[in-house]
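Below, each chain spelled out in residue letters.
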Amino acid sequence: MPLFGHRDFDAHEQVVFCHDATSGLKAIIAIHDTTRGPSLGGCRMWPYASEDEALTDALRLARGMTYKSALADLPYGGGKSVIIGDSHTMKSEALFLAMGRFVDSLSGRYVIAEDVGISVDDVEVMARATRHVAGTRAAGGGDPSPATAYGVFMGIRAALAHAANSDSLKGVHVAVQGLGHVGYHLCRYLAEAGAQLTVSDIDADAVARASREFSAQTVAPEAIYDVAADVFAPCALGAVINDQTIGRLKARVIAGSANNQLAEPRHGVELARRKILYAPDYVINAGGVVYISHEGPSFDETQALAHVARIHDTLGEIFTRAEQQGIPTSEAADRLAQDRLRGHTTTAKSPAAA
Ligand code: NAD
């Protein structure tokens, strides 16, 4: 398993393999780029089938965080960590304390937060071993997922404004895949705005709750790709836009929170060819990281959410550039992020958590 020759290696500054025999911790911390500030990114706990799969996830997600922070104008770089293991059976205090110690050994070059499989409680255990954490209750905001959902909601409005000349959700049919921390709150925003919802999840309780609270139609997980909706909002897994699904999609807008939605970059090209407007994942799902960047003693929720709402205008700029330059929105987002990295201009305040 080469690192420098790995297909997802993109000049990452540092990759740390962490092992703690006592707790059984096996983890990888990937720091992609610290040009704009300390790398910030969540920790994912997942039963990866192989170490290569874990490394691939860490490398790709860390790079995504660099671009995400650049486009959200945050004084952070990009990093991410993965813990190899089942979050249902392998969590322990010793495991998270060990993870916290590894983060601490990087002296602030990486700031850890929650991600799939890791809760605010878990990060709070890590915080006993390092101060380089974000997204804890003590730091101000707590769980950033509702803010991520708000950012996705604003992003869907931006996409509708571009694709349909109106950002109203009234009567708009949205298919939501995944009703977890983000998907649930997204449904709430959408339902309040008058959208018609079709939802799916592998968790039957989550489906029943959305059906009850938001009068959502429900479909089996695999059937969500065939729903004749206006918007498809992937809020569960990565790589859901792939050779098997792309021809089944009926929506003219794809806008959801999941990371790495495109199985490969060529799927972004294919979406553009099919005239499906894709809201690049790391732009539309930046709400959580924007929110926690406001943490600190002077945390102001209204200000933090106003910053999250700027996702609307950033996406609008990306959609317009993509149209003017005749390129997929995924590429327009990458180019804009690279411009901002090279220019390294930020109007944001200094990092709170580092
Ligand atoms: P979560 O684990 O709380 O929720 C994921 C949900 O997806 C679960 O309810 C799960 O049962 C469901 N799911 C799994 N496989 C499915 C399938 N095949 N079909 C339908 N549903 C399925 O995670 P989350 O925090 O809500 O995050 C969702 C996505 O958004 C992830 O890709 C995550 O990386 C991304 N994201 C989250 C945040 C955040 O603030 N939580 C921020 C940025 C990006």
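Use the structure listed above.
Just so we're clear, the structure is a prediction, and the values are computed from it rather than from any experiment.

A.B. asks: Help me understand the overall build of the protein chain in this model?
C.D. replies: Tallying secondary structure elements over the protein chain gives 12 helices and 11 strands in all. Since a compact globule built from 354 residues should have a radius of gyration of about 20 Å, the 19 Å found for the protein chain is in line with a globular shape. Based on the C-alpha atoms only, the size of the protein chain along its principal axes is roughly 55 × 45 × 45 Å. In the protein chain, buried positions account for 55% of the 354 residues. Taken as a whole, the protein chain presents about 14600 Å² of accessible surface, with 50% of it coming from carbon and sulfur. Taken together, the 32 basic and 41 acidic charged side chains of the protein chain have centroids lying 3 Å from each other.

A.B. asks: Looking at this structure, how should I read helix α11 (residues 311–325)?
C.D. replies: In an α-helix, one turn spans 3.6 residues, which is why side chains three or four residues apart end up on the same side. Over its 15 residues, α11 extends 21 Å from the first C-alpha to the last, a length consistent with the 21 Å expected when each residue adds 1.5 Å. All buried positions along α11 are accounted for by Ile311, His312, Thr314, Leu315, Ile318, Phe319 and Ala322. For α11, the angular spread of the buried residues around the axis is 165°, confining them to a single face. Seen from the open side of α11, the exposed residues pointing more than 90 degrees away from its buried face are Asp313 and Gln324. Two residues or fewer after α11 comes glycine 326, characterised by a positive phi angle close to 65°.

A.B. asks: I would appreciate a short explanation of the sheet that holds strand β2 (residues 25–33) in the present structure.
C.D. replies: Across a sheet, paired strands are connected by hydrogen bonds in the backbone, their directions being either parallel or antiparallel. Spatial ordering of the open sheet is given by β1-β2-β4-β3-β5, a layout of 5 strands whose pairing is mixed. In the strand order of this sheet, the two ends are held by β1 (14–20) and β5 (110–114), each with one partner. Neighbour-to-neighbour, the strand axes of this sheet turn through a mean angle of 25°, independent of strand direction. In this structure, strand β3 (residues 39–46) lies alongside strand β4 (residues 77–84), joined through 6 bridges in parallel fashion. Looking at the pairing, arginine 44 lines up with valine 82 of β4. Across the sheet, helix α2 (residues 93–105) touches β1, β2, β3, β4 and β5, and the angle it forms with β2 is around 30°.

A.B. asks: Sorry, what's going on with the pattern of salt bridges here?
C.D. replies: Side chains bearing opposite charge may pair, as long as their charged atoms lie close to each other. Scanning the entire structure with this criterion turns up 26 salt bridges. We note a salt bridge from aspartate 115 to arginine 44, for which the minimum N-O separation is 2.8 Å. Placement of aspartate 115 in the loop between β5 and α3 (120–126) and of arginine 44 in strand β3 is noted, with a sequence separation of 71 residues between them. With a relative accessible area of 13%, arginine 44 lands in the buried category. The partner of arginine 137 in a salt bridge is glutamate 124, with the nearest N and O atoms 2.7 Å apart. Remark: glutamate 124 occurs in helix α3 and arginine 137 occurs in the loop between α3 and α4 (145–164); sequence separation between them is 13 residues.

A.B. asks: I keep staring at the environment of glutamate 93 and nothing clicks. Help me out?
C.D. replies: Counting through the fold element by element, glutamate 93 comes out in helix α2. Setting aside chain neighbours within four positions, we find glutamate 93 in contact with Val125 and Arg128. Within polar-contact distance, the side chain of glutamate 93 engages the side chain of arginine 128 at 2.7 Å.

The rules behind these values
Numbers given to residues run from 1 along each chain, matching the order in which its sequence is written. Given that this is a predicted model, residues contribute local features only at a pLDDT of at least 70 and side-chain atom pairs are listed and counted only at 80 or more, while totals for whole chains, interfaces and linings are drawn from all residues. Where side-chain values are given, they derive from all heavy atoms of the structure, hydrogens and water being excluded. The helix count covers DSSP runs of H or I at least four residues long, the strand count covers runs of E at least two residues long, and both are numbered beginning at the N terminus. Computation of the radius of gyration draws on C-alpha atoms, with the globule rule given as 2.2 Å multiplied by the number of residues to the power 0.38. Only protein chains enter the accessibility calculation, which uses a 1.4 Å probe. A residue is then buried if its area is under 20% of the maximum for its type, exposed if over 50%, and partly exposed in between. With residues, only the protein chains shown are counted as cover, and all accessible areas are computed by Shrake-Rupley using a 1.4 Å probe. Only four residue types enter the tally: Lys and Arg on the positive side, Asp and Glu on the negative side; His and the chain ends are excluded. To locate a charge, take atom NZ for lysine, CZ for arginine, CG for aspartate or CD for glutamate. Here the expected span of a helix is defined as 1.5 Å times the quantity of residues minus one. As used here, the arc belongs to the directions running from the helix axis to the C-beta atoms. Strand pairing is assigned whenever DSSP detects at least two bridges linking the two strands. Think of each axis as a best-fit line through the C-alpha atoms, taken over the contacting stretch in the case of a helix, with angles from 0 to 180 degrees between the N-to-C directions. Contact criterion: two residues are considered in contact whenever any of their non-hydrogen atoms come within 4.5 Å of each other. Whenever Lys or Arg places a side-chain nitrogen within 4 Å of a carboxyl oxygen from Asp or Glu, that contact is recorded as a salt bridge. Throughout this description, a polar contact denotes any pair of N or O atoms lying within 3.5 Å of each other; where both atoms belong to protein, one of them has to be capable of donating a hydrogen while the other can accept it, and for residues adjacent in sequence the pair is counted only when both atoms sit in side chains.

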